[in-house]
Amino acid sequence: MEQLIQQLVNGVSLGSIYALIALGYTMVYGIINLINFAHGDIYMIGAYIGFALTTFLHLGFFPALILSMLLTSMLGMVIEKVAYKPIRKSTRIAALITAISVSLFLEYGMMYFVKPETRTFPEVLPNKQISIFNTSAVLDIKNIYILVVTITLMLILQYVIYKTKVGKAMRAVSLDSDAAQLMGIDINKTISYTFAIGSALAGAAGVLVGSYYNSINPLMGVVPGLKAFVAAVIGGIGVIPGAVLGGFFLGFTETLVSAFGGSLYKDAVAFAVLILVLLIKPKGLLGRNIREKV
Amino acid sequence: MKLINKKNMLGFLAVILTYAIAGFLIDKGFIDSYIFLNIVLIGINIILAVSLNLITGFTGQFSLGHAAFMSIGAYTSGILTAKLGLPFWVGILGAALLAAVAGIIIGIPTLRLKGDYLAIATLGFGEIVKIIGLNTDYIGGATGLNDIPRYTTWTWLYFCVVVTVLLISNFIKSYKGRACISIGEDEIAAEAMGVNTTYYKVLAFTLGSFFAGIAGALYANYFYFIKPDSFGFMKSIDILVIVVFGGMASIKGSILGAVLLSLISLFLQGIPELRMVVYAVILFLIMVYRPQGIIGKGEFKLFKKRGGLNANNQSK
Amino acid sequence: MLELQNLNVFYGAIHALRDVSLKINEGEIVTLIGANGAGKTTTLRTISGIEKAQSGKLLYNGKELNSVSASEIVKLGICHVPEGRRVFSTMSVFENLEMGAYTRNDKVQIKKDMEHVFSLFPRLLERKNQMAGTLSGGEQQMLAIGRALLSKPKLLLLDEPSMGLAPLVVKEIFSIIKDINKDGTTILLVEQNANMALQCADRAYIIKNGEIDMEGNAQALLNDESVKNAYLGG
Amino acid sequence: MPIIKVNNLSKAFGGVKAVSNINMSVEAGEIAGIIGPNGAGKTTFFNLLTGIYTPTSGEVIYNLERKISSKSFKPYKMTGYGVARTFQNIRLFKNMSVLDNVLIGCHNNMSYGLLSSLLHLPAFRRSEAKAYDEAIKLLDIFGLADKKDEPASKLPYGEQRKVEIARALAAKPKLLLLDEPAAGMNPNETKELTKLISWIKDEFKLTIILIEHDMSLVMGICSKIFVFDYGNLIASGTPTEVQNNEQVIKAYLGGE
């Protein structure tokens, strides 16, 4: 029982991280139909920026978080302009391989600059633990930070997407880019904004993970990147609430599997759940089915 | 329609001659073991690329899990030859059959999915296979399977490559192969002409996996040692890159692509720190400047413009 | 107001428009009719900047539009209501209309124009907060036109507004088109329903296999025997 | 004896009825035309006849002796039931040669095993040679034999339409469904096509149902016409009957 509660607490944090990364995946897919494999690496770079800011400039958690989000959002826009814009009209396979090449470039380019070894993230969050209901299960203050930051960011995102002009343009472009263009919406700018927002969320996730687990390395983005992507697909890729749902769903599933002694297989379970969901609902839990017109 | 004519007679002679000359050079030591190792890698990559081309290039089914079938083949042959001491031909055949069975098992449910979704499901399948490998003690878990006898000789390699290329080329020219190509071109029209698309997709998947299994066996029985990580997501991507680089739905392209990309990665070994960075840049340049591949035929279904975005019409 | 001079457009190898020339004067309703695949939609897409012409000139009030981006063209006062309506299905009716005013910043005037659109299409007001995808075909067409009106177009391009609609609804839409024209908006109407289009228009062009086949006064074409046979169903 | 019978057929998409309560039948050897404004449900109706959509209610029956009902329809089974079709927006296999396109039409009439496919055994050669001859014969009829090795996408529009019809005929259907065969053709091509359609009907002993906008084609060769509007069948009968039907004039010809 205590084990279970503990794992649920961990599940919330893990789910938050997945959800934040998954949001970026989903937004980018929604707008340009591209599986942006480099997204997990933006998260990694976000963590490194956070690391540099806190270690060398001795910034606190929040300034580091915000600066890191700013820088990753710029990185996201640059990647879109340099790498994805030239292939926007090409085929799915070419686009996918391009995304993978960007991912490799970021991973190994970063490795060249910061060296492959794991770095220790400074303790920027208060290290305090609270016992839950007088059991041995503990709630780390960090868990609360993660949850609060995640929820705040999601609320802001919700506001941006549904209430602002830019957000509405993003939705319009992802629903029907041709029609959006006819309304005078500048598609290139809108896509840039989408990358910026998605990348900022990934950057935030990077800083959160760095300060939670205290260790970062240049390949740290690969597995969470894939998992967040799985989460986005489970929720219904291109659907924003789907990414959040998928992220938490995957976070809980993984921690529960670990709780019942299957930690070695937890990654396999994530993928098995993915395949299962796709078989039952081919467009994800909240995705809409669109039939090809004959 | 004749089996033997002038053209394939010449081809036949060329195949025999290449085999004899290379065999002679290896025997006499003109081709040293380092060069031979690279020849083995090229051969294996040809089999993998041609077999994936059947699935992705011809039949239009986007797979990101081809390395998983290779790994099933590698472990099967490894177990059969190392643990059970059986001869190599049993290892190869077992590897191919088991990989084919895996192809059917994963094919039947997932082939209902299309495009990116299928790609993701096959990626997931590949990861599952890898994780199971990592956690199975009988085959060495994460440390891998050791002491596999080195049976892969020039003869075996050459034979397997030729058989793979020949059989898949033949298949493509049969009515079953035509049905597969028609699915890749237009699934709805193919169905309307009486093609049972599910059956042919599974068939292509199974055949492709069969040959990937053979590639796995050759790999295991050349390198003594295999571990699950060698057959991960990146390996699947490497194979896909060869297919796209060579040209979708072109067998010649896959062969050429396998040779060229193997050579590129050979040269990149000279700059170990920046190897992957340069590789990434090369990939990117290929995708931007030659997305149809070396021998590209034109717009295939997976080569179709992506959904509804006409954005960069306006960018000059 | 708008002039196309020897416009050529290709889709890959397909020569979709061949030396198309046409003219629209301020205040007119001009219709472009022709069979499926004749190049009607391509003509509109080229005017609104989604397709680019390989050769020829596209002049709007004397200004060349060939290299102007689609979003700039909207700002210049040309708005295109696409074939098949293309409303943003999971956005509300109100949000769809807001998207129409995307290029504008004059909030007060937008509000007034919004009210004007609601007065033209009272049914949209009733369904203001409904998802656009749940509207009927006719309502979606009204929304698509209303959305375009909110960009304050001087020239409105309409692509098959009658498509898939019941005769009564078609009548309603066409009478609104006439009203919009009376309010001072010039209209280029692409239609397959040649009869309806010719009755509503001042002048007409007939396009066939990417070439302008005939042009003239709409009433005259309506009575032309060859046009009757080919497009009016004999 | 009717070759096809449609009973109370309806299809709804998310509550919107695209086709509602259609009752009709077509006699063997007839050419029937379906007309109606864009979006009247004609193509949806074709998709119901070919198993692409399953009916919301009602059924379609082919071959009244064997009673093949729409309950057992699957798109890939239709050629086996003797029904082949073309598509409104031409769905050829673009990168395949003209010949290969037609050979795909022969798909159902070919059978040899996987081993023959892989090793090109005698069964392969026999079956392929036979199919090749049939395909060439069809291409000859359409005057396309000299273009057999060209990729289908390289052909002009009118010829692509013909290849699509040849491909459908290769499946040896009894009932041929043509979805706007004259779309995008000029009047001369249409005239030629009209002749061709009635010729192949006799030559191949077919029943043909076609959707068409071009009145000259429909009125010229159809013995029976069905008029769709807003998902309903509003009239049916001979060309003259339909042309004089008040309701039809109102709905289809735009009304006065």
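Each chain carries its own residue numbering, running from 1 in the direction its sequence is written. Ligands are numbered from 1 and chains lettered from A, in the order in which they are written. With the structure being a predicted model, the display of local features is reserved for residues of pLDDT at least 70 and the display and counting of side-chain atom pairs for 80 or more, all residues being used for whole-chain, interface and lining totals. In computing side-chain properties, one takes all heavy atoms of the structure into account and sets aside hydrogens as well as water.

### Some points on the overall build of chain C
Then comes step 1: For chain C, the count of helices and strands is 10 helices and 10 strands.
Then comes step 2: Each radius of gyration is computed over the set of C-alpha atoms, and the globule rule expresses the reference value as 2.2 Å times the number of residues to the power 0.38. Computed over its C-alpha atoms, the radius of gyration of chain C comes to 17 Å, within 12% of the 17 Å expected for a compact globule of 234 residues.
Then comes step 3: Here the C-alpha coordinates of chain C stretch approximately 45 × 40 × 30 Å along the principal axes.
Then comes step 4: Burial analysis of chain C (234 residues in total) assigns 58% to the buried set.
Then comes step 5: Sequence separation of at least 24 residues holds for 67% of the intrachain contacts in chain C that already meet a minimum separation of 6.
Then comes step 6: Surface accessibility of chain C: about 9200 Å² in total, with carbon and sulfur atoms responsible for 48%.
Then comes step 7: For chain C, the distance from the average position of its 26 positive side-chain charges to the average position of its 27 negative side-chain charges is 4 Å. Put simply, DSSP marks the helices as runs of H or I at least four residues long and the strands as runs of E at least two long, and each gets a number from the N terminus on. Burial classification: accessible surface area is computed with a 1.4 Å probe over protein chains only, and a residue below 20% of its type maximum counts as buried, one above 50% as exposed, and the rest as partly exposed. Only heavy atoms enter the contact rule, under which two residues are in contact if any of them lie within 4.5 Å. Note on areas: Shrake-Rupley, 1.4 Å probe, and residue coverage restricted to the protein chains presented here. In summary, the charge assignment counts Lys and Arg as positive and Asp and Glu as negative, without counting His or the chain termini. To locate a charge, the coordinates of NZ of Lys, CZ of Arg, CG of Asp or CD of Glu are taken.

### Describing a nonpolar patch on the surface
Then comes step 1: Each patch is assembled from residues with relative accessible area greater than 30% and no salt bridge, linking like charges that lie within 9 Å and nonpolar side chains (Val, Leu, Ile, Met, Phe, Trp, Tyr) that lie within 5 Å. By definition here, a salt bridge exists when the distance from a side-chain nitrogen of Lys or Arg to a carboxyl oxygen of Asp or Glu is within 4 Å. A surface patch of nonpolar side chains, about 490 Å² in accessible area, is lined by B:L256, B:L260, B:L263, B:F267, B:I294 and B:I295.
Then comes step 2: By secondary structure assignment, the location of B:L263 is in helix 11 (residues 251-268).

### Focus on helix 3 (residues 61-84) of chain A
Then comes step 1: Spanning 24 residues, helix 3 of chain A covers 32 Å between terminal C-alpha atoms, matching the ideal 34 Å at 1.5 Å per step.
Then comes step 2: Those residues of helix 3 of chain A that fall on the buried side of the exposure criterion are A:F61, A:A64, A:L65, A:S68, A:M69, A:T72, A:S73, A:G76, A:I79, A:E80, A:A83 and A:Y84.
Then comes step 3: Looking at the packing, one finds that the buried side of helix 3 of chain A touches helix 2 (39-55), helix 4 (92-114), helix 5 (141-163) and helix 8 (187-213) of chain A together with helix 12 (275-289) of chain B. To estimate the expected span of a helix, count its residues, drop one, and scale the result by 1.5 Å.

### Things to note about the state of the cysteines
Then comes step 1: The criterion for a disulfide is a pair of cysteine sulfur atoms lying within 2.5 Å. Following the criterion strictly, the structure yields zero disulfides over all chains and no others.
Then comes step 2: Considering cysteine sulfurs only, D:C106 is the nearest to B:C180, which forms no disulfide, with 17 Å between them.
Then comes step 3: With a relative accessible area of 0%, B:C180 lands in the buried category.

### Concerning the pattern of salt bridges
Then comes step 1: In total, this model carries 35 salt bridges over all chains according to the counting rule given.
Then comes step 2: C:E28 serves as the salt-bridge partner of C:R203, at 2.6 Å between the closest nitrogen and oxygen. Of the two residues, C:R203 is situated in strand 9 (residues 203-208) and C:E28 in the loop between strand 2 (14-24) and strand 3 (29-33); the sequence distance between them amounts to 175 residues.
Then comes step 3: The shortest N-O distance in the salt bridge between C:R45 and C:E51 comes to 3.1 Å. No difference in accessibility class separates C:R45 from C:E51, as the two residues are buried.
Then comes step 4: Among the charged side chains, a salt-bridge network with shared partners connects A:D176, A:D178, C:R45, C:E51 and C:R86.

### A word on the sheet that holds strand 9 of chain C
Residues and elements named next belong to chain C.
Then comes step 1: Strand order in the open sheet made by the six strands is 6-7-8-3-9-10, with mixed pairing throughout. Both edges of this open sheet fall to strand 6 (78-81) and strand 10 (211-217), since each of them pairs with a single strand only. Adjacent strand axes in the sheet meet at a mean angle of 15° when their direction is disregarded.
Then comes step 2: Pairing geometry for strand 9 and strand 10, over six bridges, is antiparallel. Its bridge partner lying in strand 10, A204 is registered against G216.
Then comes step 3: Comment: axis = line fitted to C-alpha atoms, over the contacting stretch for helices; angle = value between 0 and 180 degrees taken between N-to-C directions. Taken strand by strand, helix 6 (residues 137-149) contacts strand 6 and strand 7 (155-159), and its axis lies near 170° from that of strand 6. At least two DSSP bridges between two strands are required for those strands to pair.

### Describing the pairing of strand 8 (residues 207-211) of chain D
Residues and elements named next belong to chain D.
Then comes step 1: Counting buried residues along strand 8, five of its five residues qualify, which places the element largely inside the surrounding structure.
Then comes step 2: Bridge analysis of strand 3 (residues 31-35) against strand 8 gives four bridges, and the strand direction is parallel. Pairing of A32 across the sheet is with I209, part of strand 8.
Then comes step 3: As judged from the five bridges shared by strand 7 (residues 175-179) and strand 8, these two strands associate in the parallel manner. Residue pairing in the sheet places D179 in a bridge with I211 of strand 8.

### As for the side chain of A:K168
Then comes step 1: For A:K168, the position within the fold is in helix 6 (residues 165-175).
Then comes step 2: A relative accessible area of 12% means that A:K168 is categorised as buried.
Then comes step 3: Apart from the residues lying within four places of it in its own chain, the contact partners of A:K168 are A:I161, A:Y162, A:K163, C:M91, C:E95, C:E98 and C:M99.

### Re the interface of chain B and chain A
When the parts of a complex come together, some accessible area is lost, and that lost area is often used as the size of the interface.
Then comes step 1: Counting residues at the interface gives 53 residues for chain B and 55 residues for chain A.
Then comes step 2: Of the roughly 5100 Å² buried between chain B and chain A on both sides combined, carbon and sulfur atoms contribute 72%.
Then comes step 3: Any pair of nitrogen or oxygen atoms within 3.5 Å is treated as a polar contact; in protein, a donor-acceptor pairing is required on top of that, and neighbouring residues in sequence qualify only through side-chain atoms on both sides. Taken together, the connections running from chain B to chain A amount to four residue pairs in polar contact (both at pLDDT 80 or more).
Then comes step 4: If you list the elements that add at least two residues to the side of chain B that touches chain A, you get helix 4 (88-110), helix 5 (115-134), helix 10 (233-246) and helix 12 of chain B.
Then comes step 5: Broken down by element, the side of chain B that touches chain A gets its largest block of residues, 11 residues, from helix 5 of chain B.
Then comes step 6: Of the residues belonging to the side of chain B that touches chain A, the class tally is 35 nonpolar, 11 polar and seven charged. Once two parts are brought into contact, the accessible area they lose, counted with a 1.4 Å probe and summed over both, makes up the buried area. When residues are grouped by polarity, Ala, Val, Leu, Ile, Met, Phe, Trp, Tyr, Cys and Pro land in nonpolar, Asp, Glu, Lys and Arg in charged, and all others, Gly among them, in polar.

### As for the packing of helix 7 (residues 175-185) of chain B against helix 2 (residues 98-105) of chain D
Then comes step 1: Between helix 7 of chain B and helix 2 of chain D, whose axes approach to 10 Å, the crossing angle comes to 105°. Taken together, the axes of helix 7 of chain B and helix 2 of chain D are roughly perpendicular relative to one another. Along its contact with helix 7 of chain B, which presents B:R178, B:A179 and B:S182, the element helix 2 of chain D presents D:D100, D:L103 and D:I104.
Then comes step 2: Here the contact of helix 7 of chain B with helix 2 of chain D is built from residues that sort into three nonpolar, one polar and two charged. Under this scheme an angle from 65 to 115 degrees is roughly perpendicular, one under 35 degrees roughly parallel, and one over 145 degrees roughly antiparallel; angles in between are oblique.

### Section: the nonpolar core
Then comes step 1: Formed by 348 residues in total, the largest nonpolar core has its most connected members in A:Y84, D:I4, D:F45, D:L49, D:Y62 and D:I209.
Then comes step 2: Counting residues per element, this core draws most heavily on helix 9 (residues 197-223) of chain B, at 15 residues.
Then comes step 3: Domain start and stop positions are those given by an automatic or database domain assignment. Counting contributing residues, this core receives three or more from each of domain 1 (4-82 + 173-253) and domain 2 (91-160) of chain D.
Then comes step 4: Dropping the residues within four chain positions of it, D:L49 is found in contact with D:I4, D:V6, D:V60, D:Y62, D:F73, D:M78, D:L177 and D:I209.
Then comes step 5: By nonpolar core we mean a set of buried residues, namely Ala, Val, Leu, Ile, Met, Phe, Trp, Tyr and Cys, connected to one another through side-chain atoms within 4.5 Å. The next biggest cluster of nonpolar side chains, apart from the first, holds 26 residues, and it includes C:L58, C:Y60, C:L188 and C:Y205.

### Remarks on the environment of C:A166
Then comes step 1: Assignment of secondary structure puts C:A166 in the loop between strand 7 and helix 7 (167-182).
Then comes step 2: Separated by 164 residues in sequence, C:A166 and C:L2 place their C-alpha atoms 32 Å apart.

### Concerning the packing of helix 2 (residues 33-58) of chain B against helix 6 (residues 154-173) of chain B
Residues and elements named next belong to chain B.
Then comes step 1: Contact geometry of helix 2 with helix 6 gives a least axis separation of 10 Å together with a crossing angle of 15°. Taken together, the axis directions place helix 2 and helix 6 in an arrangement best described as roughly parallel. In this structure, helix 2 crosses over helix 6, and the sense of that crossing is left-handed. Packed against helix 2, whose contacting residues are F36, I39, V40, G43, I44, I46, I47, V50, S51, L54 and F58, the element helix 6 presents W154, L157, C160, V161, T164, V165, I168, F171 and I172 at the interface.
Then comes step 2: Taken together, the residues that form the contact of helix 2 with helix 6 break down as 17 nonpolar, three polar and no charged. For a crossing to be left-handed, the near helix must be turned anticlockwise from the far one by less than a right angle; the clockwise case is right-handed.

### Re unusual backbone geometry
Then comes step 1: Despite not being glycine, A:H58 has its phi angle at roughly 55°, a positive value.
Then comes step 2: On the accessibility criterion, A:H58 (64% relative accessible area) is exposed.

### Notes on the confidence of the model for chain D
Residues and elements named next belong to chain D.
Then comes step 1: Model confidence for chain D is summarised by a mean pLDDT of 89, while 95% of its residues fall at 70 or above.
Then comes step 2: Of all the helices and strands in chain D, helix 9 (residues 246-252) carries the lowest mean pLDDT, 72, while helix 2 carries the highest, 96.
Then comes step 3: Both scores are available for the predicted complex, with the pTM at 0.89 and the ipTM at 0.86. Confidence of the prediction at every residue is given by pLDDT, a number between 0 and 100.

### Observations regarding the environment of B:F58
All names here are of chain B.
Then comes step 1: Assignment of secondary structure puts F58 in helix 2.
Then comes step 2: Between the C-alpha atoms of F58 and A215, which are 157 residues apart in sequence, the distance is 20 Å.
Then comes step 3: Residues contacting F58, with those up to four places away along its chain left out, are N53, I172, C180, I181, G184, A249, S250 and I251.

### Digging into the domain arrangement of chain D
Residues and elements named next belong to chain D.
Then comes step 1: Assigned domains within chain D: domain 1 (4-82 + 173-253) and domain 2 (91-160).
Then comes step 2: For domain 1 versus domain 2, the distance between C-alpha centres works out to 28 Å.
Then comes step 3: The partner domain 2 presents six residues to the 10 residues of domain 1 that form the contact.
Then comes step 4: Of the roughly 580 Å² buried between domain 1 and domain 2 on both sides combined, carbon and sulfur atoms contribute 71%.
Then comes step 5: Contact with domain 2 buries area across many residues of domain 1, yet M185, L196 and F204 alone supply 42% of it, more than any other trio.
Then comes step 6: One can count zero salt bridges joining domain 1 with domain 2.
Then comes step 7: Run the count over domain 1 and domain 2 and you get one residue pair in polar contact (both at pLDDT 80 or more).
Then comes step 8: Of the residues in the side of domain 1 that touches domain 2, the class split is six nonpolar, three polar and one charged.

### A short note on the sheet that holds strand 5 (residues 68-69) of chain D
Residues and elements named next belong to chain D.
Then comes step 1: The antiparallel open sheet is built from four strands, whose spatial order is 2-1-4-5. The open sheet is flanked by strand 2 (16-27) and strand 5, the only strands paired with a single partner.
Then comes step 2: In this structure, strand 1 (residues 2-13) lies alongside strand 2, joined through eight bridges in antiparallel fashion. Looking at the pairing, I4 lines up with V26 of strand 2.

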